[in-house]
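Below, each chain spelled out in residue letters.
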Amino acid sequence: MTVPDTASTTHARLLIVGPQGSGKGTQGIVVADAFGIPQVATGDIFRANVSGGTPLGKRVQAIIEAGDLVPDELTSELVRDRLGQPDAAAGFLLDGYPRNRGQVADLDAFLAGRGEALDAVIELAVPRAESIARLTQRAIEQGRTDDTEEVISNRLAIYERETAPILDGYRARGLVVRIDGVGTLAQVTERIFAALAVRGMVPAHPGAA
Ligand code: AMP
């Protein structure tokens, strides 16, 4: 059973979905800060474990470097642990998870077990050529070893094959807000806030944007 939430402006359970290079990481942080909720980015958590040389990092390093997906079981467990922390009780913004139908089912089961559900799924739409251009630029600027040309196209292919289809399921539930991701950072942020406001979600700290 879902408990009515009196502080509806700060309560937000969100996903941000878009191809690599869509700017979802950056927008996700801005939106999460404005709503006062943690951004939970599985890619960032995995990368931190790899660079920290943790047991998890050692297990997933080769997978991440190839741009393949870490097994669902491991990924979903990581997310359940993270969402079980107190700062995620009033809401969260997931970035990079769920990434396929199996993970959608895992997340649904987890949230249902807590009497929760997603409030909205932000789809950040950018053309493929734009994603590739941005990823290539980021690889140069940040020296990201998981962003070689071959890995970039593998990751985009996986996105199109496995991740884009999950949006159909969320669309059928009426959860998807589709945002044009081409524009300046501020323009895209404005579009996201406007679309969420239509659904009654207004950030408590819009100034954070
Ligand atoms: P990202 O920064 O979101 O593109 O994630 C970087 C890498 O982490 C991906 O290429 C995958 O190897 C792994 N990863 C991140 N999120 C997931 C997920 N939800 N399921 C499986 N693997 C993931």
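All figures in this text were calculated on a predicted structure; none of them were measured in a lab.

Draft legend 1. The arrangement of the overall build of the chain in detail. From N to C terminus, the chain includes nine helices and five strands. Its helices and strands in sequence order give the chain the pattern β-α-β-α-α-α-β-α-β-α-α-α-β-α, from N to C terminus. Scaling as 2.2 N^0.38, a compact globule of 209 residues should have a C-alpha radius of gyration of about 17 Å, and the chain matches this with 17 Å. Considering only C-alpha atoms, the chain reaches an extent of 45 × 35 × 30 Å along its principal axes. When the 209 residues of the chain are sorted by exposure, 45% land in the buried category. Expressed as a percentage of contacts within the chain between residues at least 6 apart in sequence, the contacts between residues at least 24 apart total 74%. Summed over its atoms, the accessible surface of the chain is roughly 10,100 Å², and 55% of this surface lies on carbon and sulfur atoms. Between the averaged position of the 21 positive side-chain charges in the chain and that of its 27 negative side-chain charges there is a distance of 1 Å.

Draft legend 2. The arrangement of the packing of helix α2 (residues 42–51) against helix α3 (residues 55–66) in detail. One can describe the packing of α2 onto α3 by two numbers: an axis separation of 8 Å at closest approach and a directional angle of 115 degrees. Here α2 is positioned roughly perpendicular relative to α3, judged by the angle of their axes. Read as a crossing pair, α2 and α3 show a hand that is left-handed. Listed contacts from α3 to F46, N49 and V50 of α2 are L56, G57, V60, Q61 and I64. Across the contact of α2 with α3, the residue classes tally to five nonpolar, three polar and no charged.

Draft legend 3. Structural view of the pairing of strand β3 (residues 91–95). Taking burial as the measure, the five residues of β3 include five buried ones, the bulk of the element. Because side chains alternate across β3, one face comprises the buried residues G91, L93 and D95, and the other comprises F92 and L94, equally buried.

Draft legend 4. Just the packing of aromatic side chains, in detail. Taken as a whole and assessed by the stated rule, the structure comprises one aromatic pair. With 6.4 Å between their ring centres and 55 degrees between their planes, F35 and F193 make a pair best called tilted. Within this pair, whereas F35 is found in helix α1 (residues 24–35), its partner F193 is found in helix α9 (residues 185–198), the two being separated by 158 residues in sequence. Of the residues examined, F193 reaches a relative accessible area of 11% and is grouped as buried.

Basis of the calculations
Residues numbered from 1 in each chain as written. Predicted model: local features only at pLDDT ≥ 70, side-chain atom pairs only at ≥ 80, totals over all residues. Heavy atoms only, no water. Helix = DSSP H or I, 4+ residues; strand = E, 2+ residues; numbered from the N terminus. Rg over C-alpha atoms; globule rule 2.2 N^0.38 Å. Buried < 20%, exposed > 50% of the residue type's maximum accessible area, 1.4 Å probe, protein only. Contact = heavy atoms within 4.5 Å. Areas by Shrake-Rupley, 256 points an atom, 1.4 Å probe, with all protein chains shown as cover. Lys, Arg positive; Asp, Glu negative; His and termini not counted. Charge placed at Lys NZ, Arg CZ, Asp CG, Glu CD. Axes fitted to C-alpha atoms, helices over the stretch in contact; angles between N-to-C directions. Parallel < 35°, antiparallel > 145°, perpendicular 65-115°, else oblique. Left-handed = near helix turned anticlockwise from the far one by under 90°. Nonpolar A, V, L, I, M, F, W, Y, C, P; charged D, E, K, R; others polar. Phe/Tyr/Trp six-rings, centres within 6.5 Å; stacked < 30°, edge-to-face > 60°.

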